[in-house]
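# Structural overview
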Amino acid sequence: MSTTNDGESNPSHNELEQEGSSRGLLPSPTTQSCEESGFGKKRGEYKKRSKAWDHFHVKHVNGVRHAICKYCEKDIAADPKSHGTTPLNTHVAKCPLNPKNKHTGQATLCLGETETLEGEVKGALISWKFDAEAIRKSIAYMVIVDELPFKHVEGRGFQYMMRTACPSFRIPSRWTISRDCYQLYLDEKIKLKHLLKNNSGKICLTTDSWTSIQRINYMCLTAHFIDNDWKLNKKILNFCPIASHKGTEVGKAIEKCLLEWGVDDILTVTVDNASSNDVAVSYLRGKLQNWGKAVLGGKWTHVRCVAHIVNLIVNDGIKKLGDSVDCIRAAVRYVRQSPSRLKKFKECVEIEKIECKRLLCLDVSTRWNSTYLMLDTAQRFERAFERFEEQDPYMLQELENLPTKSDWTKARFLVIFLENFYQLTVKVSGSKYVTSNNFFTDISHIHGILIEMAASDNEELSSMARSMKDKYDKYWGKIEKMNMLIFISSMLDPRTKLEYLEFVVCQMYGESDGTTIAGLAKDAMFELFNEYKMLNTPASNSVSHVSSLSSESQRSKTTFYGYGDASKTITDRYKLEFKKRKMELGGRDAKSELEKYLNEDCEEDDERFDILLWWKANSLRFPILSKLARDMLAVPISTVASESAFSTGGRVLDTFRSSLTPRIVQSLICAQDWFRSSKTELNVEENLEELEAFESELLKTGTESTVIDL
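Residues numbered from 1 in each chain as written. Predicted model: local features only at pLDDT ≥ 70, side-chain atom pairs only at ≥ 80, totals over all residues. Heavy atoms only, no water.

Per an unreviewed UniProt entry, the protein carries the name Zinc finger BED domain-containing protein RICESLEEPER 2-like and comes from Coffea arabica. Here is the UniProt Subcellular location (unreviewed entry) comment for the protein, exactly as written: "Nucleus". Quoted verbatim from the Subunit (unreviewed entry) field of UniProt, the annotation for the protein is "Homodimer." (UniProt positions renumbered as here; feature names shortened; annotations may be inferred.)

Encoded structure:
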């Protein structure tokens with residue numbers, strides 16, 4: 001035992017070893033141990049071990065004690081016979097990696113990861129400094145984007161992770177995080193308002209309604225527009241409760257949302273085929289006319305959702321083969337009803353050497369696309385079903401009718417037929433790329449398929465195609481029932497223009513009717529172009545300003561500036577006359593701008609062709625037509641963008657979080673959409689091959705018992 005200058009004795013080596021296991025005690029400065037004094041005195045009280053040791057690991061090298069910093073791993077001599085705890089306390093106070101030290105404005109360079117706008121994560125050398133506010137904001141971001149409950153921050157695992165990663169950060173409560181999430185929504189809303197205000201193009205809307213688990217009617221309103229950099233944007237503006245699904249109520253709710261956002265320059269509203277939506281769009285058309293923002297009086301404001309029309313067409317056709325579909329659906333349901341049946345079915349698949357890795361899926365009878373996926377998967381396992389029927393004696397007893405060879409043949413024909421409609425539905429449902437330019441191409445493709453199938457030798461398929469063609473003609477059979485934007489958007493595609501349109505409509509409707517339809521489409525194109533020319537040329541602005549003045553005062557002003565103003569120099573008069581002449585010439589140039597575009601050769605049809613990039617590059621050549629194209633190409637032809645928000649709403653408002661208020665629900669869903677809109681789409685579907693490879697790897701390493709149910 002050594003003694004310091006102030007008379008305080010240092011602990012012995014054995015005593016420190018004892019301290020290491022039980023947060024040891026130092027001897028009292030007024031007492032000594034019995035071994036040192038040689039007397040049988042009672043051991044005195046020990047004082048607590050120095051807090052400096054909380055930051056160090058003990059290490060012995062050649063019998064000498066060393067202290068290793070837990071943060072920077074610096075080695076400090078700590079032999080109790082020759083060193084005290086002063087060096088340890090000094091280092092703890094200055095250690096740059098100690099999270100409890102006060103951080104200055106100086107950032108620390110470290111190797112980390114950065115995320116690009118496309119959502120790609122890359123390694124990079126970044127600067128970092130402790131910022132509690134930034135950490136709280138990132139937690140709120142995580143809760144919003146990953147659809148986590150607010151109480152996630154109070155979970156044991158999350159708190160353990162945060163204490164390990166950043167002990168100095170004080171973890172907020174769920175109430176604080178809920179406020180942080182809402183504040184993050186408000187901050188992003190201000191940014192989006194600024195973006196919409198500075199956007200010079202028109203805005204297109206999609207809307208749909210949904211009833212939550214709370215039995216509250218919600219309306220989703222989504223804005224689609226092409227910004228000043230020619231990038232297509234999709235932003236959910238509102239996810240708000242409405243009184244009912246009646247058309248007038250929906251229209252008033254949309255009007256209220258637009259006024260809240262300060263948005264009135266609306267071009268189109270895309271809705272499904274519910275009759276209430278006709279009333280809602282009519283209500284909005286009247287408001288747009290009152291605001292002076294209705295293009296051509298709003299006669300093309302109403303756009304019907306292509307996906308819903310295709311859904312109606314296909315459902316009429318599937319009814320013709322309903323018996324065969326019902327048999328296959330019953331067989332799939334029977335196999336999936338118990339794990340033992342599913343296991344036996346997999347054994348049949350292996351025996352029949354079927355290489356398909358898909359899993360049997362059951363459809364939703366009201367959704368034809370799910371029926372297509374069910375049939376497409378089931379028909380690949382036809383031989384496995386036949387073997388399963390032989391091995392399972394109860395299948396015939398429970399099912400009235402088993403799938404026959406004829407049923408499987410019909411299913412294969414139906415899958416081939418429906419694949420075209422399925423791919424079309426997936427294509428028109430996108431919100432990250434332009435779809436309106438392919439509107440006419442898509443419906444002409446449907447028309448061609450139905451005509452071919454109606455002429456098929458298979459009577460059942462022919463009957464099904466004829467039934468579907470009748471439904472097709474209800475919406476797209478006559479030009480009077482069609483929105484002319486279908487044709488205008490196609491003409492604004494540099495790969496097709498007017499030539500392709502004229503050819504295809506003649507193929508669809510015959511030479512006589514096709515020529516008439518093409519002429520009407522061309523007239524509509526010029527009518528809309530003239531509207532944009534009037535709104536966007538300086539000459540029109542000048543005329544509008546002149547009309548607001550009295551004719552007498554205007555004549556006096558012209559005479560004064562032209563001849564009698566001595567304060568005006570000759571140069572000023574020249575500039576005035578030149579500007580007037582340029583405006584007149586500009587009007588004539590603008591009038592021929594559309595004709596110049598249509599008379600040029602079409603671009604090559606390449607999959608890599610970027611239509612927005614082409615118009616951006618040619619905007620100087622076609623200043624007015626490019627503005628028209630910018631607005632037309634932003635028109636969504638389906639409401640899937642709004643409907644997809646209901647999937648998010650269903651996850652946010654599950655049975656465990658059904659008490660969330662509508663305001664919080666809106667903030668979570670809108671903020672999530674804004675954060676994700678510039679990132680890569682999340683793939684929520686399981687990749688079966690990757691999961692099987694992962695499980696095989698675990699089995700190879702002898703960790704079969706750790707495999708969890710993926």
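Within the protein one finds 29 helices and 12 strands. Looking at the 710 residues of the protein, the share that counts as buried comes to 42%. (Helix = DSSP H or I, 4+ residues; strand = E, 2+ residues; numbered from the N terminus. Buried < 20%, exposed > 50% of the residue type's maximum accessible area, 1.4 Å probe, protein only.)

What follows covers the confidence of the model for the protein. Put simply, the protein has an average pLDDT of 78, and 77% of its residues get 70 or more. In this model, residues 1-42 is a region of pLDDT below 50 whose contacts with residues beyond four sequence positions or in other chains number 53 contacts. Residue range residues 539-567 is modelled with pLDDT below 50. Its contacts to residues more than four positions away, or to other chains, number 14 contacts. (pLDDT = per-residue confidence, 0-100. Contact = heavy atoms within 4.5 Å.)

Glancing now at the packing of helix H12 (residues 368-378) against helix H15 (residues 405-428). What describes two packed helices is the angle between their axes and the distance between those same axes. Packing of H12 against H15 leaves a shortest axis separation of 9 Å and a crossing angle of 135 degrees. It follows that H12 is oblique to H15 by the angle criterion. Seen along the crossing, H12 lies across H15 with a hand that is left-handed. Contacts from Trp368, Asn369, Tyr372, Leu373, Leu375, Asp376 and Ala378 of H12 reach H15 at Trp408, Ala411, Leu414, Val415, Leu418, Glu419, Phe421, Tyr422 and Thr425. (Axes fitted to C-alpha atoms, helices over the stretch in contact; angles between N-to-C directions. Parallel < 35°, antiparallel > 145°, perpendicular 65-115°, else oblique. Left-handed = near helix turned anticlockwise from the far one by under 90°.)

Nonpolar side chains tend to gather and get buried jointly when the protein is soluble and globular. Trp476 and Trp615 are the most contacted members of the largest nonpolar core, which totals 105 residues. Counting residues in hydrophobic clusters, the runner-up holds 56 residues, among them Tyr185, Cys220, Val250 and Ile266. (Core = buried A, V, L, I, M, F, W, Y, C linked by side-chain atoms within 4.5 Å.)

Looking now at the side chain of Thr268. On the secondary structure map, Thr268 appears in strand S11 (residues 266-271). Among residues more than four places away in sequence, those in contact with Thr268 are Ile203, Cys204, Leu205, Trp300, Thr301, Val303, Leu485 and Val635.

Below, the discussion takes up a nonpolar patch on the surface. Taken together, Leu109, Leu111 and Leu125 make up a surface patch of nonpolar side chains, about 400 Å² in accessible area. Position of Leu125 relative to the elements: it lies in strand S7 (residues 121-128). Relative accessible area serves as the criterion here: at 61%, Leu125 is assigned to the exposed category. (Patch = residues over 30% accessible without salt bridge, like charges linked within 9 Å, V, L, I, M, F, W, Y side chains within 5 Å. Areas by Shrake-Rupley, 256 points an atom, 1.4 Å probe, with all protein chains shown as cover. Salt bridge = Lys/Arg side-chain N within 4 Å of Asp/Glu carboxyl O.)

Moving on, we come to the sheet that holds strand S4 (residues 64-69). In a beta sheet, neighbouring strands pair by backbone hydrogen bonds and run either parallel or antiparallel. Sheet architecture is open: 3 strands sit in the order S3-S4-S5, paired in antiparallel fashion. Strands at the two margins of the open sheet, each flanked by one partner only, are strand S3 (56-61) and strand S5 (75-77). Strand-to-strand twist across the sheet, computed as the mean angle between neighbouring axes with direction ignored, equals 35 degrees. (Pairing = 2+ DSSP bridges.)

A word on the side chain of Glu593. Considering the arrangement of structural elements, one finds Glu593 in helix H24 (residues 593-599). The buried charged residue Glu593 lacks any salt bridge partner; its closest oppositely charged side chain belongs to Lys596, at an N-O distance of 8.4 Å. Residues in contact with Glu593, not counting those within four places in the same chain, are Phe529, Arg621, Phe622, Pro623, Ile624, Leu625 and Ser626. (Lys, Arg positive; Asp, Glu negative; His and termini not counted.)

Read from one edge of the open sheet, 5 strands run S10-S9-S8-S11-S12, paired in mixed fashion. Two strands lie at the open edges of the sheet, namely strand S10 (232-241) and strand S12 (302-304), each paired on one side alone. Adjacent strand axes in the sheet meet at a mean angle of 25 degrees, parallel and antiparallel pairs treated alike. Strand direction decides the pairing type here: S11 and S12, joined by 3 bridges, are parallel. Bridging across to S12, Thr270 finds its partner in Val303. Across the sheet, helix H28 (residues 662-676) lies against strand S9 (217-226) and S10, angled at about 170 degrees from S10, the strand it touches most.

Looking now at helix H10 (residues 322-336). Along its 15 residues, H10 runs 21 Å from first to last C-alpha, staying within 8% of the 21 Å computed at 1.5 Å per residue. With 11 of its 15 residues buried, H10 lies for the most part within the structure. When we look at burial in H10, the residues that qualify are Gly322, Ser324, Val325, Cys327, Ile328, Arg329, Ala330, Ala331, Val332, Tyr334 and Val335. (Expected span 1.5 Å × (residues − 1).)

Another point: the pairing of S3. Walk down a regular strand and you will see the side chains alternate between the two sheet faces. Inspection of the sheet shows S3 paired to S4 by 6 bridges, in the antiparallel sense. Residue pairing for S4: Lys59 is matched across the bridge by His66. The turn linking S3 back onto S4 is made up of 2 residues, and Asn62 within it adopts a positive phi angle of 55 degrees.

Of note, the phi angle at Glu73 is positive, near 60 degrees, even though the residue is not glycine. Relative to the helices and strands, Glu73 resides in the loop between S4 and S5. Given a relative accessible area of 62%, Glu73 falls into the exposed group. Even without glycine at this site, Lys353 takes up a positive phi of about 55 degrees.

Further remarks concern the pairing of S11. Of all the 6 residues making up S11, 6 are buried; the element is thus mostly covered by neighbouring parts of the structure. As paired strands, strand S8 (residues 203-211) and S11 are joined by 3 bridges and run parallel to one another. Bridge pairing in S11 links Ile203 to Ile266. As for the winding sense of the linkage, the β-α-β connection from S11 through helix H8 (residues 275-291) to S12 is right-handed. (Right-handed = clockwise from strand over helix to strand, strands pointing away.)

By the definition in use, this model includes 28 salt bridges. Of the charged contacts in the structure, one is a salt bridge between Arg136 and Asp180, with a shortest N-O distance of 2.7 Å. Separated by 44 residues along the polypeptide, Arg136 in helix H4 (residues 132-145) and Asp180 in helix H6 (residues 174-198) bring together distant segments of the chain. Here Asp180 falls in the buried class, since its relative accessible area comes to 16%.

Glancing now at the packing of aromatic side chains. Within this structure, the stated rule accounts for 19 aromatic pairs. Aromatic pair Tyr182 and Tyr185: ring centres 5.7 Å apart, planes at 40 degrees, arrangement tilted. Taken together, the residues Tyr182 and Tyr185, both in helix H6 and 3 residues apart, mark about one turn of the helix. Residue Tyr185 is classed as buried on the basis of its relative accessible area, which comes to 2%. Taken together, the ring pairs in this structure connect Tyr334, Phe345, Phe381, Phe385, Phe388 and Trp408 into an aromatic cluster. Lying across the ring of Tyr334, Arg341 places its NZ or CZ 3.8 Å from the centre. (Phe/Tyr/Trp six-rings, centres within 6.5 Å; stacked < 30°, edge-to-face > 60°. Lys NZ or Arg CZ within 6 Å of the ring centre and 35° of its normal.)

The subject of this paragraph is H15. Relative to the 34 Å expected for 24 residues at 1.5 Å per residue, H15 spans 35 Å between its end C-alpha atoms, a close match to the ideal helical length. Along H15, the helix axis deviates most sharply at Leu418, where the bend reaches about 35 degrees. Here the buried face of H15 lies against helix H9 (306-318), H10, H12, helix H13 (382-391), helix H16 (439-454) and helix H17 (459-476). (Bend = angle between axes of the 7 residues up to and from the residue.)

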